[in-house]
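A structural walkthrough
Here is how the chains run, residue by residue.
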Amino acid sequence: MPAILAKKLGMTQLFGEDGHVERVTVLEAGPCPVTGIRTHERDGYEAVQLAFGASKEKHLTKPELGHLKKAGAPPMRHVTEFRDEAGELQVGETVTVEAFKVGQTVKVSGISKGKGFQGTIKRHNYASGPKSHGSHNVRAPGSIGASATPSRVFKGIRGPGQMGNKRVTQKGLTIVQLDAGQNLMLLRGSVPGPRNGFVEVRTDA
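First, a word on what this report is: a plain description of the structure on this page. This structure is a prediction, so every number in the text was calculated from the model and none was measured.

Points about the sheet that holds strand β5 (residues 76-83)
- Read across the open sheet, the four strands follow the order β5-β4-β3-β6; overall the sheet is antiparallel. Of all the strands in the sheet, just β5 and β6 (94-95) have a single pairing partner and so form its edges.

Observations regarding the environment of Ser 147
- Here Ser 147 shows up in the loop between α3 (120-124) and β9 (161-163).
- Distance in space between the C-alpha atoms of Ser 147 and Thr 174 is 51 Å, their sequence separation being 27 residues.

With respect to a nonpolar patch on the surface
- Taken together, the side chains of Ile 144, Val 153, Phe 154 and Ile 157 make up a nonpolar region of the molecular surface, amounting to roughly 350 Å² of accessible area.
- Within the secondary structure, Ile 157 is located in the loop between α3 and β9.
- Given a relative accessible area of 40%, Ile 157 falls into the partly exposed group.

Quick word on the side chain of Ser 109
- Inspection of the secondary structure assignment puts Ser 109 in strand β7 (residues 105-111).
- In this view, Ser 109 contacts Arg 167, Val 168, Thr 169, Phe 198, Val 199, Glu 200 and Arg 202; residues no more than four positions away in its chain are not counted.

Focus: the sheet that holds strand β2 (residues 21-29)
- Judged by pairing direction, the barrel is antiparallel, and its six strands sit side by side in the order β1-β2-β11-β10-β7-β12 before closing back on the first. Averaged over all pairs of adjacent strands, the angle between their axes in this sheet comes to 50°, without regard to strand direction.
- Alignment of β7 against strand β10 (residues 167-179), held across six bridges, turns out to be antiparallel. Considered in β10, the bridge of Val 106 is made with Leu 173.

Section: the pattern of salt bridges
- A full pass over the atoms with the stated rule returns six salt bridges.
- The shortest N-O distance in the salt bridge between Lys 7 and Glu 28 comes to 3.8 Å. With Lys 7 in strand β1 (residues 3-15) and Glu 28 in strand β2, this pair connects stretches of sequence that are 21 residues apart.
- Arg 42 is the partner of Asp 43 in a salt bridge, and the nearest nitrogen-oxygen pair spans 3.2 Å.
- For Asp 43, a relative accessible area of 30% gives the class partly exposed.
- With relative accessibility at 57%, the residue Arg 42 sits in the exposed group.

Some points on the nonpolar core
- Ranked by internal contacts, the top residues of the largest apolar core, which has 25 residues, are Ile 4, Met 185, Leu 187 and Val 201.
- Listing elements by their share of this core, those giving two or more residues are β1, β2, β3 (32-38), β4 (47-54), β7, β10, β11 (184-188) and β12 (198-203).
- Those residues in contact with Met 185 that sit more than four places away from it in its chain are Ile 4, Thr 25, Val 26, Leu 27, Ala 29, Val 97, Phe 100, Ile 175, Gln 177, Leu 178 and Val 201.
- In this structure, Ala 51, Leu 60, Leu 68 and Ala 73 belong to the second largest nonpolar core, which totals five residues.

Things to note about the packing of aromatic side chains
- Applying the stated criterion across every chain, the model contains zero aromatic pairs.
- Above the plane of the ring of Tyr 45 lies Arg 83, whose end atom (NZ or CZ) is 4.0 Å from the centre.

Observations concerning a positive patch on the surface
- A surface patch of positive charge is lined by Lys 113, Lys 115, Lys 122 and Arg 195.
- Examined against the element boundaries, Lys 115 turns out to sit in the loop between β7 and β8 (116-118).
- Of the residues examined, Lys 115 reaches a relative accessible area of 41% and is grouped as partly exposed.

Digging into the pairing of β1
- As paired elements, β1 and β12 share five bridges and run antiparallel to each other. By the bridge assignment for β12, Ile 4 is matched with Val 201.
- With nine bridges joining them, β1 and β2 adopt antiparallel strand pairing. The partner of Met 11 across the bridge, within β2, is Thr 25.

Definitions and limits used
- Each chain carries its own residue numbering, running from 1 in the written order of its sequence.
- Given that this is a predicted model, residues contribute local features only at a pLDDT of at least 70 and side-chain atom pairs are listed and counted only at 80 or more, while totals for whole chains, interfaces and linings are drawn from all residues.
- Values reported for side chains reflect all heavy atoms of the structure, with hydrogen atoms and water molecules removed beforehand.
- Here a strand pair is declared whenever DSSP counts at least two bridges between the two strands.
- Put simply, DSSP marks the helices as runs of H or I at least four residues long and the strands as runs of E at least two long, and each gets a number from the N terminus on.
- For patch detection, residues must exceed 30% relative accessible area and be free of salt bridges, and they are connected within 9 Å for like charges or within 5 Å for nonpolar side chains (Val, Leu, Ile, Met, Phe, Trp, Tyr).
- For the area figures, the Shrake-Rupley method with a 1.4 Å probe applies, and any residue is considered shielded solely by the protein chains shown.
- Take a side-chain nitrogen of Lys or Arg and a carboxyl oxygen of Asp or Glu: if they are within 4 Å of each other, that pair is a salt bridge.
- Three exposure classes are used, based on accessible area relative to the maximum for each residue type with a 1.4 Å probe and protein chains only: buried under 20%, partly exposed in between, and exposed over 50%.
- What makes two residues a contact is simply this: any of their non-hydrogen atoms within 4.5 Å.
- Where helices are involved, their axes are fitted lines through C-alpha atoms of the stretch in contact, as for all axes, and angles between N-to-C directions lie from 0 to 180°.
- Note on terminology: a nonpolar core comprises buried Ala, Val, Leu, Ile, Met, Phe, Trp, Tyr and Cys residues joined through side-chain atoms within 4.5 Å.
- Pairing of aromatic rings covers Phe, Tyr and the six-membered ring of Trp, with a centre-to-centre limit of 6.5 Å; geometry is then stacked below 30 degrees between planes, edge-to-face above 60, and tilted otherwise.
- Criterion for a charge above a ring: Lys NZ or Arg CZ within 6 Å of the ring centre, and within 35 degrees of the ring normal.
- Positive charges are assigned to Lys and Arg, negative charges to Asp and Glu, while His and the chain termini are left out of the count.
- A charged residue contributes its charge at one atom only: NZ of Lys, CZ of Arg, CG of Asp or CD of Glu.

As structure tokens, then:
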């Protein structure tokens, strides 16, 4: 079950020979050097640690630089572990888009775009109130609890607040095209996060 780190470059479209249009997201996936292997015997779990994104040494701490140097990797900005994805990989090897196949289904995780503080209509798709004369409840959430019993608002009530800027996983994305020469992966559909955002790609088992 391969996994790789990538950067979201943006969206475009591909035209098939029959004129069919594919809306795709372009990812710059890898190359990702393997910087660590976790095992049940030593660590209590199995995982592979990958690095991605070239960086200057001054932007990393000495422990980070030492860890990467020990694995034979250059200074990299992102280091992420993938549980149960080690397989036959060894420290010092490199994961590229060649580990995936066209037509394969993957899931992509990333930090979604931050929308700031939003009300319940935009954040939770609440319906708006009447807009006729005298209405004081056009975009307000309405009643959120009784005044007498229980005299409080229950936890978990959907209300206004921070929208977006959280980890999101999009499943069921199909690989439409791979370009090993340019480290590109084209996925059908949209991917969480902004342009140039950092994402994790796993096979969708």
